[in-house]
Amino acid sequence: MEKIAKGESKMECNNTERKYLTVNPLKTCQPLGAVWACLGIHQCMPHSHGSQGCTSYLRMQLTRHFREFIPTTTSSFSEAQVVFGGVGNLKQAIRNILSIYKPKVIGISTTCSAETIGDDVPGTINEMRASGDIPEDVKVFTASTPSYVGSHVTGFSNMVKSAVETFAKKSSPNGKINIIPGLLSPGDLREIKRILKIMGIDAIILPDISDVLDAPMTGEIHLYQKGGTTISEIEDMGNSIATVVLGREAGIAPAESLKEMYDVPYEVLPLPIGISNVDKFIMKLSEITSKPIPYELEEERGRLVDMMLDAHAHWYNKKAAVFGDPDIVEAIVGYANDLGINVLYALTGTYSSEWEKTVKSMVPDAYVSSDSDLWYLKEQLDKKPVDMLFGNSHGKYLAKEYDLPLLRVGFPILDRANLQHFPIVGYKGTAWLVERTGNTLLDYKDAKSPEHLLELIM
């Protein structure tokens, strides 16, 4: 134990059957994902119906990941509201929001305490509408997002589904497509919009956090930034040609609602990370819209192939573990397959048998689990080691303990700055990821080489 305390020895651990205990989880709570979704709607104030502590936690996580101000309000539960209900606090909170922050939209998500006591949030909103406390020009939507069910991915999905079911309408065809992008960064959304522009495709992206969580420094202070999907755009989603879901776990529920309510067909694709996944995305866009694939995108693909060929020796046949949110893990597994990297572990904490089936088909010899955590990965690394890790910042302790390079992808990234500005989707984004993959391994090789073996040309 003394050696372990001094960092001279790894802590030994054995496989244990754990039904009710998670150690170093690969997920967080639903309200965080709900707030993320609300931030991608234009001039929307996210409201967490629960205690101040819940809101403080999710704001801290999102602020540290995006390095941006995260506007969020709370019903400020105390012991009394947990026992007797918090409807009175919700009413006062909404009055304060309207008076002080003057949003165009309020997105209300619930927490464990509000769900446990059984507060009727939709009924309270209807009552405040009828009494005139909420003006007609302020839109409100709500979602049930208790933390004891699902994960932040579930909360994101539930909030987007609520926005679609509350606001979408059917009128006349608009010739557009809907894109539900999941938990992507502002840089990723900018790249998706660039691809759509090159192909001449009109699209409604919900939610869209670009120009919200990467707004420029102008010297002026604005509570609400210029970005985000507008309510009129969400209303128009019922008139679109089709919905493209990027990432099943985060996006299929709202797409199913659009199909059920307004007969808008949908296609489910992996996040467009890695040449194979980007090919699927580009070809599906062309198929749905009958738009040709521009030569500019073919050139980008060709440059990516050239990069992969130039550096393949640095990563080919390496063994890797991938962990994080389910949709990002699935996409990175596909990316690793493209490069010839052998994935031994693909782990997430958001349970989905469908996800497990999909990922297992991609890497039949890997251990795949949607009900796992980083302690399990640690147990396995003692028996079957890998050469590198793909995942979020929580993997840095494993990377240090097992002396492995960690390529940071997904959420949260708390110990590096500005990654959210750079895309990893599309051919250009994948090219940047290829550069990071190869050079991360080369940096690691340099750091571990004795002076007499340090190579200049690699």
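All residue numbers refer to positions counted from 1 along the written sequence of the respective chain. Where totals are concerned, whole chains, interfaces and linings use all residues; where local detail is concerned, this predicted model gives features only for residues with pLDDT of at least 70, and gives and counts side-chain atom pairs only at 80 or more. Hydrogens are left out, water is left out, and the side-chain values use all remaining heavy atoms of the structure.

Asks: Please give an account of the nonpolar core that cites residues and values.
Replies: Ile 273, Phe 281 and Phe 390 are the most contacted members of the largest nonpolar core, which totals 97 residues. We call two residues in contact whenever any of their non-hydrogen atoms come within 4.5 Å of each other. Contact partners of Phe 281, with chain neighbours within four places excluded, come to Ile 179, Ile 192, Ile 195, Val 244, Leu 246, Leu 269 and Pro 272. In terms of nonpolar packing, the next biggest core, distinct from the first, is built from 17 residues, Ala 321, Tyr 376, Val 386 and Ala 399 among them. Nonpolar cores are built from buried Ala, Val, Leu, Ile, Met, Phe, Trp, Tyr and Cys residues. Side-chain atoms within 4.5 Å join them into one set. The classification of residues rests on relative accessible area computed with a 1.4 Å probe and restricted to protein chains. Under 20% of the type maximum is buried, over 50% is exposed, and intermediate values are partly exposed.

Asks: Talk me through the packing of aromatic side chains; I want residue IDs and the actual numbers.
Replies: For Phe, Tyr and Trp, rings pair up if their centres lie within 6.5 Å, where Trp contributes its six-membered ring, and each pair is then called stacked (planes under 30 degrees apart), edge-to-face (over 60) or tilted (otherwise). Counted under the stated rule, the structure contains 6 aromatic pairs. Look at Trp 36 and Phe 411: their rings are 5.3 Å apart centre to centre, the planes differ by 75 degrees, and that puts the pair in the edge-to-face class. You can see Trp 36 sitting in helix α2 (residues 30–39) and its partner Phe 411 sitting in the loop between β13 (406–408) and α18 (426–448), a full 375 residues away along the chain. You'll find Trp 36 and Phe 411 in the same group, each marked buried. Centroid distance Phe 141 to Phe 167: 5.6 Å. Interplanar angle 70 degrees. Geometry classified as edge-to-face. Linking Phe 141 in strand β4 (residues 139–143) with Phe 167 in helix α8 (residues 152–167), this pair joins segments that are 26 residues apart in sequence. Labels follow the DSSP assignment, with helices taken as runs of H or I lasting at least four residues and strands as runs of E lasting at least two, numbered in each case from the N terminus.

Asks: Before we move on, could you go through unusual backbone geometry and cite the residues and values that matter?
Replies: With omega at -10 degrees, the peptide bond leading from Leu 206 into Pro 207 counts as cis. Of note, the amide linkage connecting Phe 411 to Pro 412 takes the cis form, showing an omega dihedral of -5 degrees.

Asks: Which residues make up the sheet that holds β4, and what are the values?
Replies: By definition, two strands form a pair when at least two bridges between them are found by DSSP. The 4 strands lie next to each other as β2-β1-β3-β4, forming an open sheet whose pairing is parallel. At either end of the open sheet lies a strand with only one pairing partner, and these are β2 (73–74) and β4. Examined bridge by bridge, strand β1 (residues 44–49) and strand β3 (residues 105–110) share 6 bridges and lie parallel to one another. Its bridge partner lying in β3, Ser 48 is registered against Ser 109. Only C-alpha atoms enter the line fits that serve as axes; for helices the fit covers just the stretch in contact. Angles between N-to-C directions range over 0 to 180 degrees. In the packing of α2 onto the sheet, contacts are made with β1, β3 and β4, and the angle to β1 comes to roughly 165 degrees. Here α8 sits on the sheet in contact with β3 and β4, set at roughly 135 degrees to β4.

None of the figures reported here should be taken as evidence of function without further support.
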